[in-house]
Amino acid sequence: MIRLLSALRALALIALLAPLSFAALAQVPQPPEIAARAYLLLDVTANQILAQKDIDAPVEPASLTKLMTGYLVFDALKSRKIDLKQTLPVSVRAWKMPGSRMFIDPKMQVPVEDLIKGMIVQSGNDATMALAEGVGGTMEGFVKLMNDQARALGLKNTHYTNPEGLTEAGHTTTARDLSLLATRLMRDFPEYMHYYSIKHYRYPGTPESNGTNRNTLLFRDPTVDGLKTGHTAAAGYCLVATARRDFPNVGQRRLLSIVLGAASDSIRANESQKLMNWGYTAFDAVKLFDAGKPAVEPAVWKGASNTVKLGRPEAIVVAVPSGEGARIKTQVARPDPLVAPIAKGQAAGTLKVTLADQPLADVPLVALEGVEQAGFLGRAWDAMRLWIK
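Our subject in this report is the structure included herewith. (Residues numbered from 1 in each chain as written. Predicted model: local features only at pLDDT ≥ 70, side-chain atom pairs only at ≥ 80, totals over all residues. Heavy atoms only, no water.)

1. Some words on helix α6 (residues 139–153)
At step 1: The end-to-end C-alpha distance of α6, which contains 15 residues, comes to 21 Å, matching closely the 21 Å that a straight helix rising 1.5 Å per residue would cover.
At step 2: Where α6 ends, the next residue or the one after it, G154, has phi of about 80 degrees, a positive value. (Helix = DSSP H or I, 4+ residues; strand = E, 2+ residues; numbered from the N terminus. Expected span 1.5 Å × (residues − 1).)

2. A word on the environment of E372
At step 1: Secondary-structure assignment places E372 in the loop between β15 (358–367) and α10 (376–388).
At step 2: Here E372 falls in the exposed class, since its relative accessible area comes to 62%. (Buried < 20%, exposed > 50% of the residue type's maximum accessible area, 1.4 Å probe, protein only.)

3. Some details on the sheet that holds strand β11 (residues 310–311)
At step 1: The strand order across the open sheet built from five strands is β10-β11-β15-β14-β13, with neighbouring strands paired in antiparallel fashion. Each having just a single partner strand, β10 (294–296) and β13 (328–333) make up the two edges of the open sheet.
At step 2: Pairing of β10 with β11 involves two bridges; the strand directions are antiparallel. The residue bridging V296 from the neighbouring strand is L310, located in β11. (Pairing = 2+ DSSP bridges.)

4. Some words on the packing of aromatic side chains
At step 1: This model, assessed by the stated rule, comprises six aromatic pairs.
At step 2: Between F74 and Y196 the ring centres are 6.3 Å apart and the planes differ by 80 degrees, which places this aromatic pair in the edge-to-face class. One end of the pair, F74, is in helix α2 (residues 66–78); the other, Y196, is in the loop between α7 (175–188) and α8 (217–220), and 122 residues separate them in sequence. Judged on exposure class, the residue F74 and its partner Y196 are both buried.
At step 3: Between F247 and Y280, the ring centres sit 5.7 Å apart and the planes meet at 20 degrees, which makes this aromatic pair stacked. Of this pair, F247 sits in strand β7 (residues 236–247) while Y280 sits in helix α9 (residues 265–282), and the two are 33 residues apart along the sequence.
At step 4: When its relative accessible area of 26% is taken as the criterion, F247 is described as partly exposed. (Phe/Tyr/Trp six-rings, centres within 6.5 Å; stacked < 30°, edge-to-face > 60°.)

5. A few points about the packing of α2 against helix α5 (residues 125–136)
At step 1: Contact pair α2 / α5: the axes reach a minimum separation of 10 Å and the direction vectors enclose 40 degrees. Taken together, the axes of α2 and α5 lie oblique to each other. Note that α2 runs across α5; the crossing there is left-handed. Residues K66, T69, L72, V73 and A76 of α2 pack against N125, T128, L131 and V135 of α5. (Axes fitted to C-alpha atoms, helices over the stretch in contact; angles between N-to-C directions. Parallel < 35°, antiparallel > 145°, perpendicular 65-115°, else oblique. Left-handed = near helix turned anticlockwise from the far one by under 90°. Contact = heavy atoms within 4.5 Å.)

So this is what it looks like as structure tokens:
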């Protein structure tokens, strides 16, 4: 029963965090032409997809694979299975990894934090393999963890065969799955996200020419703070980039762009920048409710409290075409009656947002506080009232 409840909670979390597709509106801003095989622009703050092309088409992720490797490494750090200052050995397998490298060798014992920087800043396949073996015991054991985690996160069209992203049969993902992974990476491990904005790093004794982050947007745009580049001959040039900019009445607004299969390093950077700049100007962010504030307080039956506050732990923000915010309307759809007990965080309704009477977004509402069952007499009284009702 405990395992069943845990599984249900996990499925509920995936549903709550799934991006909301932008509904068909009469005047949806059209994105610019993007020179890529597939792309996706996600308003992370509003949890809405603003633009997309072939987001469910299978693609090779190249070094974007390292986003999942990072997720598992950060999870191991958070659960104290490993420590940032702990050193890991460099196996012959890690040393001989082809492609991008940190240039470590079996004579070294490298701190976990340096391996993380080598994996993210230098995109080192050798550093990635050393981390995978350190967390998973073996590369094969780590790949199993990757695929298990992909299923847990709801990545329906992703399968991994290695931790670094070199081309192999069956090693594929989609733009949609990458957006889910990147969003969860940022949300679940904010304390480690600063590694993705490091511009320069090299391990002592390794070549200086190999120390520059390949994400050129970090050097162009001060609002960009991640995340990861990727390239193989089969995948083309890929970039998952994210930026956060300040806006009145909303605060920081984060966008995430995914550009896959561009023809060059400069094109992937230019197209990513173009996509994010368009998203920030073509859409306004409108805050409907503050974090932790109820959108509605419906009646509760058979409970120790007569009402329950339904809202979101984070601010409820929606993205609308620029200048259209005044035309937003909201309505709450919820089960009726709501019967105690109700657990804190339990899904209990949906905030339906419309623009010009057309569907814009559905925002899941959860109980902001728990409501315990009333005593026997209270439950009996409410049962009789419900029967009469």
